[in-house]
Amino acid sequence: MPGSRTGGPPVQRAVRRPAVPRPRRENPLRTLHTRARKAWDRPLTAYYLILGGSALITVLGLVMVYSASQITALQMSLPGSYFFRKQLLAAAIGTVLLLAASRMPVKLHRALAYPILAGAVFLMVLVQVPGIGVEVNGNQNWIALGGSFQVQPSEFGKLALVLWGADLLARKQDKRLLGQWKHMLVPLVPAAFMLLGLIMLGGDMGTAIILTAILFGLLWLAGAPTRMFAAVLSVAALLGVVLIRTSPNRMARLACLGATEPQSGPVDCWQAVHGIYALASGGIFGSGLGASVEKWGQLPEAHTDFIFAVTGEELGLAGTLSVLALFAALGYAGIRVAGRTEDPFVRYAAGGVTTWIMAQAVINIGAVLGLLPIAGVPLPLFSYGGSALLPTMFAIGLLIAFAREDPAARMALAMRQPRFGKKRNGGPQRPRRWNTMRRRA
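Residues numbered from 1 in each chain as written. Predicted model: local features only at pLDDT ≥ 70, side-chain atom pairs only at ≥ 80, totals over all residues. Heavy atoms only, no water.

## Description of the confidence of the model for the protein
At step 1: Residues with a pLDDT of 70 or more make up 88% of the protein, whose mean pLDDT is 87.
At step 2: Taken element by element, the protein is modelled with least confidence in helix α17 (residues 434-440), mean pLDDT 41, and with most confidence in helix α14 (residues 344-368), mean pLDDT 97.
At step 3: Predicted confidence for residues 420-428 stays below pLDDT 50, and this span has 6 contacts to residues more than four positions away or in other chains.
At step 4: Across residues 430-441 the pLDDT falls below 50, and counting only partners more than four positions away or on other chains, this stretch makes 11 contacts in the model. (pLDDT = per-residue confidence, 0-100. Helix = DSSP H or I, 4+ residues; strand = E, 2+ residues; numbered from the N terminus. Contact = heavy atoms within 4.5 Å.)

As structure tokens, then:
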């Protein structure tokens, strides 16, 4: 090699290597969002949300019923666990109904629509028969079954309207009749008004509001034009105004909106105000399970209509937000089931059940928060009351069955690894990856 100009040894120049680009650092939030979106989009998401959400709400409801009802039971000279044991029995029967409904085929659900409707109407008529109907808190909507057991037929009327209305609209859609206003309204609206009339004979306007919400939900899913929807809504609103104006009790409940003192002028707002007191005293994490003060006689119906207030006092804002999140997940899953199916009956029934549960939860929680008048409806799956729990758990079983009927969900369930890692015929089975299952689906 030639020497350098200075006479020194030749200078060895380092060979420059091409710069290797550093791997781009991914945003952890974006990565988490992508993974959550993929998990959220899986075929079994709605199935697990409905099953897990309803189970958590029911279990937490049992805990809060036990906590909120002890003082009431002792004041009635009953064992402290009296109401909890009755609710636990109703939850056990409801679990059987849920499992049965989740395993029934869609055809059997449609076949049960008319018998359930006929049975609900028959029981609602019996409520008005003297000597059979029982009056509770000013409303005659109960039938005594013997001992301390009673049944409220109007709760089963919600399930009847969902199943019967969904079957009716699905059959008319198959015959392409829903484009005519008379086929969309008749006989759905007259039958719903008949159920509403039977309920209002007993004075239970809260349940009537839930039934009206189910009717509007079915009409909305059926594609009712805006004019027709507005006409039915106007008639219902006019009837509601008349029923409220002619009842001093309902006018008093309306006057308690925004009340901050138990005695707001001539109106007694004791229950509404003490519900706010219970929520306000809970703070972030609550006073502790079983440590509620308002349930010691200050808050009426602490284990039924106002159990959300006791939950806020004992579990705080964290507990109430958890309950709201569970209901939000349940509502999203129901909407997803109704939106992804091609079966009209499944769409109408899933939408009707979702409307029922969400509307009832909003009305109950809104009343506890002082945003809506007290309607006297329980919090679904959470409040004490077997008559409300049984049809609601059957309706949850409907949603689970519909979620399982989705083709992608059905394939995902079929491809899940059985217990002990073996096939049902005895041979070994290799675990399947999600990507493989997704490509095959």
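## Focus: the packing of helix α3 (residues 82-103) against helix α15 (residues 386-405)
At step 1: With their axes 7 Å apart at the nearest point, α3 and α15 run at an angle of 25° to one another. With respect to α15, the axis of α3 lies roughly parallel. α15 is crossed by α3, and the crossing has right-handed handedness. Contacts between α3 and α15 involve Gln87, Ala90, Ala91, Ile93, Gly94, Thr95, Leu97, Leu98, Ala101, Ser102 and Arg103 on the former and, on the latter, Gly386, Leu389, Leu390, Met393, Phe394, Ile396, Gly397, Leu398, Ile400, Ala401 and Arg404.
At step 2: Residues that form the contact of α3 with α15 fall into these classes: 14 nonpolar, 6 polar and 2 charged. (Axes fitted to C-alpha atoms, helices over the stretch in contact; angles between N-to-C directions. Parallel < 35°, antiparallel > 145°, perpendicular 65-115°, else oblique. Left-handed = near helix turned anticlockwise from the far one by under 90°. Nonpolar A, V, L, I, M, F, W, Y, C, P; charged D, E, K, R; others polar.)

## Points about α15
At step 1: Taking 1.5 Å of rise per residue, 20 residues should cover 28 Å, and α15 covers 29 Å from first to last C-alpha, within 8% of that figure.
At step 2: Buried residues dominate α15, accounting for 17 of its 20 residues. (Expected span 1.5 Å × (residues − 1). Buried < 20%, exposed > 50% of the residue type's maximum accessible area, 1.4 Å probe, protein only.)

## Let's talk about the pairing of strand β1 (residues 133-136)
At step 1: Summarising the sheet, β1 and strand β2 (residues 139-146) pair through 4 bridges and their orientation is antiparallel. Bridging from a neighbouring strand, Val136 pairs with Asn139 of β2.
At step 2: Here β1 folds back onto β2 in antiparallel fashion, the turn holding 2 residues, of which Asn137 has a positive phi close to 55°. (Pairing = 2+ DSSP bridges.)

## Quick word on unusual backbone geometry
One can expect most non-glycine residues to show negative phi and most peptide bonds to be in trans.
At step 1: Note that the residue after Val186, namely Pro187, is joined by a cis bond; omega there is 0°.
At step 2: Its place among the elements puts Pro187 in the loop between α7 (181-185) and α8 (188-201).
At step 3: Backbone geometry places Ser77, a non-glycine residue, at a positive phi of 60°.
At step 4: Relative to the elements of secondary structure, Ser77 occurs in the loop between α2 (45-75) and α3.
At step 5: Residue class for Ser77 comes out exposed when judged on its relative accessible area of 68%.
At step 6: For Leu381, which is not a glycine, the phi torsion comes out positive at approximately 65°.
At step 7: Counting through the fold element by element, Leu381 comes out in the loop between α14 and α15.

## Description of the state of the cysteines
At step 1: The final tally for this structure, using the stated rule, is 1 disulfide.
At step 2: The disulfide bridge from Cys256 ends at Cys269, spanning 2.1 Å between sulfur atoms. Across the S-S bond linking Cys256 and Cys269, the dihedral sits near -90°, which makes this disulfide left-handed. Residue Cys256 is found in the loop between α11 (248-255) and β4 (263-264), and its partner Cys269 is found in the loop between β5 (267-268) and α12 (270-280); the two are separated by 13 residues along the sequence. Cys269 matches Cys256 in its accessibility class, with the two residues each being buried. (Disulfide = S-S within 2.5 Å.)

## Brief notes about the sheet that holds β2
At step 1: The antiparallel open sheet is built from 3 strands, whose spatial order is β1-β2-β3. Because the sheet does not close on itself, it has two edges, and the strands there are β1 and β3 (149-151). Across the sheet, the axes of successive neighbouring strands diverge by a mean angle of 55°, strand direction being ignored.
At step 2: Against the sheet, helix α5 (residues 113-127) contacts β1 and β2, and its axis sits at roughly 100° relative to β2.

## Some points on the packing of α2 against helix α13 (residues 307-340)
Think of two packed helices as two axes; the pair is described by the angle between the axes and how far apart they sit.
At step 1: Packing of α2 against α13 leaves a shortest axis separation of 9 Å and a crossing angle of 155°. When the axes of α2 and α13 are compared, the pair comes out roughly antiparallel. You can see that α2 and α13 cross each other, and the crossing is left-handed.

## Some remarks on the pattern of salt bridges
At step 1: Applying the stated criterion across every chain, the model contains 5 salt bridges.
At step 2: The salt bridge involving Arg171 is made with Asp167; its shortest N-O contact spans 3.1 Å. A residue pair is termed a helical-turn pair when its members lie 3 or 4 positions apart in one helix, as Arg171 and Asp167 do in helix α6 (residues 153-174) at 4 residues.
At step 3: Counted as one network, the salt bridges with shared partners bring together Arg110, Asp167 and Arg171. (Salt bridge = Lys/Arg side-chain N within 4 Å of Asp/Glu carboxyl O.)

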